[in-house]
Amino acid sequence: MKLKKFGGTEQRIYDLIAPVVTDLGYLVWDVRYEKEGANWYLRIFIDSETETIGIDDCVKVTEPVDALLEEADPIAQSYILEVSSAGLEADLVRESHFDACLGCQVRARGFRPFADGSREIIGELKEWDKDGITLDVDGTEQKLAFSALTFVKLFFDFDETN
């Protein structure tokens with residue numbers, strides 16, 4: 001995996017909407033401008049430091065963001081706007097995600113099996129740099145290169161909630 005940087009369009013959108021989203025009490029987790037088939041999608045992922053994001057939150061953000069985008073018209077072609085939650089197991093793909101998630105439980109998946117034969121490792125994110133991450137896995141530090149990983153996500157143990 002590679003750390004993502006905002007593309008020009010994504011950065012313009014982020015800069016435009018972040019103050020509005022913040023004023024509404026949310027965080028902009030990610031902005032993605034992607035083509036799927038014949039359609040372009042502007043996907044805005046939101047999060048909250050205190051609450052779980054629900055559909056009402058997405059609607060609350062969509063209306064003012066859509067109005068702002070309509071007025072500013074920062075994208076020449078037509079696109080479909082989607083506002084959604086970053087999710088309990090949000091993808092960590094940007095530097096800001098790794099900074100925000102230091103000390104959190106994450107799940108990392110390798111292209112190939114790790115030394116113990118598994119394809120996934122779950123541990124506490126202790127450090128990260130441009131080359132990879134360091135996880136504390138049951139008291140043992142494991143350094144994982146981004147080049148060996150398919151993804152890193154927040155980990156939520158659904159079994160623990162029952």
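Conventions adopted
Residues numbered from 1 in each chain as written. Predicted model: local features only at pLDDT ≥ 70, side-chain atom pairs only at ≥ 80, totals over all residues. Heavy atoms only, no water. Core = buried A, V, L, I, M, F, W, Y, C linked by side-chain atoms within 4.5 Å. Buried < 20%, exposed > 50% of the residue type's maximum accessible area, 1.4 Å probe, protein only. Helix = DSSP H or I, 4+ residues; strand = E, 2+ residues; numbered from the N terminus. Contact = heavy atoms within 4.5 Å. Phe/Tyr/Trp six-rings, centres within 6.5 Å; stacked < 30°, edge-to-face > 60°. Lys NZ or Arg CZ within 6 Å of the ring centre and 35° of its normal.

## Here we look at the nonpolar core
Ranked by size, the top nonpolar core spans 21 residues in total, and within it Leu92, Ile133, Leu149 and Val152 carry the most contacts. Those elements giving two or more residues to this core turn out to be β4 (105-110), β5 (120-129), β6 (132-137) and β8 (149-154). Contact partners of Leu92, with chain neighbours within four places excluded, come to Met1, Trp29, His97, Phe98, Cys101, Val106, Leu125, Val152, Lys153 and Leu154. Judged by nonpolar contacts, the second largest core, of 18 residues, contains Val28, Val31, Ile44 and Ile53.

## A look at the packing of aromatic side chains
All chains considered together, the criterion is met by 3 aromatic pairs. Ring plane angle 15 degrees and centroid distance 4.6 Å describe the contact between Tyr33 and Trp40, whose orientation is recorded as stacked. Summarising the aromatic geometry, the rings of Phe98 and Phe146 are spaced 5.4 Å apart at their centres and angled 65 degrees between planes, so their arrangement reads as edge-to-face. One end of the pair, Phe98, is in helix α3 (residues 95-100); the other, Phe146, is in the loop between β7 (140-145) and β8, with 48 residues separating them in the sequence. Taken individually, Phe98 and Phe146 each receive the classification buried, so the pair is uniform in this respect. Cluster of aromatic residues (ring-pair linked, three or more members): Phe98, Trp128 and Phe146. A cation over an aromatic ring shows up here: Arg43 above the ring of Tyr41, its NZ or CZ 4.4 Å from the ring centre. Across the ring face of Phe151, the terminal group of Lys153 is positioned such that the distance to the ring centre comes to 5.1 Å.

Bear in mind that shape data such as this cannot, by itself, settle questions of function.
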